[in-house]
Amino acid sequence: MSQAVGKAVISLCTGLEDAEKVTVAFLVAVGAAEQGRTTLMFLTKEAVRLATGSVATGVACAGCPPLADLVARYAAAGGSYLVCPLCFDAKALSAQTLVANATLGGTVPLWQWIGDDPVVTFSY
């Protein structure tokens, strides 16, 4: 299999209130990043909490990989997060709690990251 090229954006607005949806989004993101795509997860609404370190934990279902393992694989593969600052601030979260591969940024930075490149997108 040849190395994949291009970018992938996975938009996630769900947090641990739907752990199965979060797991699926991370499986897609990990798959893209591990195949060599430059990968960004755009986190909004409750999903912003997932970029604050110890929140992304648990196992969504029997046979599902632990969320912490997926988060570690995503980081190891070079995946990054763009965290909606409006959603983040609305939850009174501290920027000091963001994981190393996360930055606060909204739709303008998202479009700047995409640029003129073709991008595969998924939304959860």
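Provided above is the structure to which this section pertains.
Asks: Explanation requested: the state of the cysteines in the structure shown.
Replies: Cysteine pairs can be linked by a disulfide, which is a covalent bond between their two sulfur atoms. Scanning the entire structure with this criterion turns up 1 disulfide. Cys84 carries a free sulfur, and the closest cysteine sulfur to it, the one in Cys87, is 3.2 Å from it. When its relative accessible area of 16% is taken as the criterion, Cys87 is described as buried.

Asks: What is the right way to read helix H1 (residues 19-34) from this model?
Replies: Think of an α-helix as 3.6 residues a turn; residues three or four steps apart then line up on the same face. Taking 1.5 Å per residue, 16 residues should reach 22 Å; H1 reaches 22 Å between its end C-alpha atoms and fits that length. For H1, the complete set of buried residues consists of Val22, Thr23, Ala25, Phe26, Ala29, Val30, Ala32 and Ala33. Contacts made by the buried residues of H1 are with strand E1 (7-12), strand E2 (38-43), helix H2 (67-76) and strand E3 (80-83). Among the residues trailing H1, Gly36 stands out with phi positive, at a value near 95°.

Asks: Looking at this model, I keep getting lost on the pattern of salt bridges. Mind explaining?
Replies: Side-chain pairs of opposite charge can arise whenever the charged atoms involved come near each other. With the rule as written, the count across this model stands at 4 salt bridges. Close ionic contact of Asp117 with Lys7 constitutes a salt bridge, the shortest N to O distance being 3.0 Å. On the criterion of sequence distance, the pair formed by Asp117 in the loop between helix H4 (107-114) and strand E5 (119-123) and Lys7 in strand E1 is long-range, its members being 110 residues apart. Look at Asp117 and you get partly exposed, because its relative accessible area is 40%. Salt-bridge contacts for Glu46 lead to Arg49; the nearest nitrogen and oxygen are separated by 2.8 Å.

Quick notes on the rules
- Each residue is numbered by its place in its chain's sequence as written, counting from 1.
- Where local features are concerned, this predicted model is filtered to residues with pLDDT of at least 70; where side-chain atom pairs are given and counted, the filter is 80 or more; whole-chain, interface and lining totals use all residues.
- Side-chain descriptors were evaluated using all non-hydrogen atoms of the structure, hydrogens and water having been removed beforehand.
- Sulfur atoms of two cysteines make up a disulfide when they are within 2.5 Å.
- Buried means the residue's accessible area, taken with a 1.4 Å probe over protein chains only, is under 20% of the maximum for its type, while exposed means over 50%, and partly exposed covers the values in between.
- Helix numbering and strand numbering both begin at the N terminus, where a helix is a DSSP run of H or I of at least 4 residues and a strand a DSSP run of E of at least 2.
- Here the expected length of a helix is defined as 1.5 Å per residue gap, with one fewer gap than residues.
- Whether two residues touch is decided by their heavy atoms; if any such pair falls within 4.5 Å, the residues are in contact.
- For salt bridges, the criterion is a side-chain nitrogen of Lys or Arg within 4 Å of an Asp or Glu carboxyl oxygen.

The analysis is restricted to geometry; functional conclusions fall outside its scope.
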